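A structural walkthrough
Listed here are the chains, written in short residue letters.
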Amino acid sequence: MVDKSKIEEAVKLLLEGIGEDVDREGLRETPVRIARMYEEIFGGMDEDPAVPLSKQFQAENAGIVLEKDITFYSTCEHHLMPFFGKAHVAYLPAGKVVGLSKLARTVEIFARRPQLQEKLTAQVADAMMDYLQPRGVMIMLEAEHMCMTMRGVKKPGSKTVTVAVRGAFEENSGLQETFYHMLGR
C-alpha cells in the first residue's frame, strides 16, 4: 500500500534539496501530484499475477501462442527513472489458454514496480509457468532506459533486450527459432 503522505514529505525534501522553493506557485501542489502518480505507476506492488492468469479456457492441441508488441512502462530501481518498451510473450499451452489481455496484464503487474528489466523478464516467465502451467514459455523485452539516455552515458535510442525461456522453449531450439520467426527476426 502506497503511503502518499510519506511521498509528499519526501518530494518536499527533494525539492528543497535541489534549492527550490516548495511554496512557489508552480510547485505548491507538486508533492500531492507526485504522490498520486506514484500510487498509479507503482500499482503493481499490490497486485497478484495469479488473478489475471487464472482466467483460463480449454484448448486442446493448441500451438504456440504469441502476444507481441505489448507496450510497457516501468521504473528502474537503481535511479527511479523510467524504462519503457515492448514485451513479446509466447507460451506453448498444455490443454489450457488464457485470455490474451491477461498476458498484457501480467506484464503490467510486474512492470508497475521498482524494477530491473532482467528481473521483469524472468518474473513474467515464472508467473506464467506457475499459474498457467504451459509446456513452455519464452519472453523477450526490448526497452529504452532513461537512466542511460537522459543521464550517465547519454545514449538515446539504445535498447536493452532480455530473454527468458522456460520448459519446452528451453529444451527445444526449434521452438526458439519459431518464436524469433514469428517476431519477424
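Residues numbered from 1 in each chain as written. Predicted model: local features only at pLDDT ≥ 70, side-chain atom pairs only at ≥ 80, totals over all residues. Heavy atoms only, no water.

**What to know about helix 4 (residues 100-111)**
Residue pairs spaced three or four apart in an α-helix point in one direction, given the helix's 3.6 residues per turn. End to end, helix 4 covers 17 Å across twelve residues, agreeing with the expected 16 Å (1.5 Å per residue, within 8%). All of the buried residues along helix 4 are Leu-103, Thr-106, Val-107, Ile-109, Phe-110 and Ala-111. Where helix 4 is buried, its residues contact helix 3 (50-53), strand 2 (65-76), strand 3 (82-92), strand 4 (96-98), strand 5 (114-115) and helix 5 (117-132). (Helix = DSSP H or I, 4+ residues; strand = E, 2+ residues; numbered from the N terminus. Expected span 1.5 Å × (residues − 1). Buried < 20%, exposed > 50% of the residue type's maximum accessible area, 1.4 Å probe, protein only. Contact = heavy atoms within 4.5 Å.)

**So, the side chain of Thr-149**
Following the sequence through the fold, Thr-149 ends up in helix 6 (residues 146-149). Judged by relative accessible area, Thr-149 falls into the buried class, the value being 10%. Excluding residues that lie within four positions of it along the chain, Thr-149 makes contacts with Glu-144, Lys-154, Lys-155, Pro-156, Gly-157 and Ser-158.

**Structural notes on the UniProt feature "domain: GTP cyclohydrolase I" (unreviewed entry) in the protein chain**
As annotated in UniProt, the feature "domain: GTP cyclohydrolase I" (unreviewed entry) corresponds to residues 7-182 in the numbering used here. Within the segment residues 7-182, helix and strand shares are 41% and 28% respectively, and the terminal C-alpha atoms sit 43 Å apart. (UniProt positions renumbered as here; feature names shortened; annotations may be inferred.)

**As for the state of the cysteines**
Summed over the entire model, instances satisfying the criterion amount to zero disulfides. Its sulfur unpaired, Cys-147 is 4.1 Å from the next cysteine sulfur, which belongs to Cys-76. (Disulfide = S-S within 2.5 Å.)

**Regarding the packing of aromatic side chains**
The relation between two aromatic rings is expressed through the spacing of the ring centres and the mutual angle of the planes. Following the criterion strictly, the structure yields four aromatic pairs and no others. Centre to centre, the rings of Phe-179 and Tyr-180 are 5.4 Å apart; their planes meet at 75°, and the pair counts as edge-to-face. Its relative accessible area of 27% is what places Tyr-180 among the partly exposed residues. (Phe/Tyr/Trp six-rings, centres within 6.5 Å; stacked < 30°, edge-to-face > 60°.)

**Topic: the nonpolar core**
Formed by 29 residues in total, the largest nonpolar core has its most connected members in Phe-72, Val-89, Tyr-91, Leu-120, Val-124, Met-128 and Ile-139. Of all elements in the fold, only strand 2, strand 3, strand 4, helix 4, helix 5 and strand 6 (136-145) reach the threshold of two or more residues within this core. No other element matches helix 5, which puts six residues into this core. In this structure, Ile-139 is in contact with His-88, Val-89, Ala-90, Thr-121, Val-124, Ala-125, Met-128, Thr-162, Val-163 and Ala-164, ignoring residues within four places of it in sequence. (Core = buried A, V, L, I, M, F, W, Y, C linked by side-chain atoms within 4.5 Å.)

**With respect to helix 1 (residues 4-17)**
When the terminal C-alpha atoms of helix 1 are compared, their 20 Å separation across 14 residues agrees well with the 20 Å that a helix rising 1.5 Å per residue should span. Taken together, the buried positions of helix 1 are Ile-7, Val-11 and Leu-15. Across the axial projection of helix 1, the buried residues extend over an arc of 70°, all falling on one side. Relative to its buried face, helix 1 has exposed residues pointing more than 90 degrees away, namely Lys-6, Leu-13 and Gly-17. Contacts from the buried residues of helix 1 go to helix 2 (30-41). Residue Gly-19 follows helix 1 closely and has a positive phi angle near 95°. (Arc of directions from axis to C-beta.)

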